[in-house]
Amino acid sequence: MTHILAIETATDACSVALYRDGEVLERFEPGARRQTERVLPLVDDLLAEAGIGLGALDALAFGQGPGAFTGVRVATSVIQGLAFARDLPVAGVSTLAACALAAFDAHPARPRVLAAFDARMGELYLGAYHCYAGGNGQGERAEALLADGLFDPDDVPALDGGDWLLAGSGAVYRERIATRVTLAAVDEAAAPRASAVARLAVPLVEQGLTVPAEQAQPVYLRDRVV
């Protein structure tokens, strides 16, 4: 059995999840940027419910960014600490990819997802993904069609097709994005979740595409931080 513990704190929410041979347990708390004080208690609660300890895990995974600077830093530092404690490999997962898969969970008829976070300063973190539910020997995945980047809402790359689901807090710029991409639906409440991070980490762990604790690094996409 494959056991992967995942955490995601790149937005206002805090979530942790355990992937256990195809099943996922999750703790999710929306809201007030309390990740620093909540993430480790959530980990403890989740592992206690599952009846396993850190020593039973095969790997760890985390939402590596982009996202809120403090939230991404919290995820990185916590995952490094846990990985060092048990010498566990780490898989870093794009928070935009995790948002895309979580949005696809809620809108299964919309597999093409434009995941976007409000990056403040009039900019967006944005990536385009085609999400797959799995089957035929393949697991769930989010295939990148446009690499994650930092964009001006008026300069989002034009994308083919008219069936895009715009997901995430970046939907605040929906009118400006819609001049570049034809949108079929919008879900501003969509957010990355640890359950999506865990599922996206499975092929990385199975293929050995992990790093040791000291090499688990955040992805900010912006040098300036406010």
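Before going into details, it helps to say that this report is about the structure given with it. (Residues numbered from 1 in each chain as written. Predicted model: local features only at pLDDT ≥ 70, side-chain atom pairs only at ≥ 80, totals over all residues. Heavy atoms only, no water.)

Following the criterion strictly, the structure yields zero disulfides and no others. The structure places no disulfide on C99, whose sulfur is separated from the nearest cysteine sulfur, that of C131, by 9.4 Å. According to the relative accessible area criterion, C99 is buried, its value standing at 0%. For C131, a relative accessible area of 2% gives the class buried. (Disulfide = S-S within 2.5 Å. Buried < 20%, exposed > 50% of the residue type's maximum accessible area, 1.4 Å probe, protein only.)

Let's shift gears to the pattern of salt bridges. One side chain can pair with another of opposite charge once the charged atoms of both are near each other. This structure, assessed with the given rule, holds eleven salt bridges. A salt bridge links E123 to R222; the shortest N-O distance between them is 2.7 Å. Within this pair, whereas E123 is found in the loop between β6 (112-118) and β7 (124-132), its partner R222 is found in the segment after α5 (194-206), the two being separated by 99 residues in sequence. Accessibility assignment for this pair places E123 and R222 in one class, buried. Between R176 and D152 there is a salt bridge, with its nearest N and O atoms 3.8 Å apart. (Salt bridge = Lys/Arg side-chain N within 4 Å of Asp/Glu carboxyl O. Helix = DSSP H or I, 4+ residues; strand = E, 2+ residues; numbered from the N terminus.)

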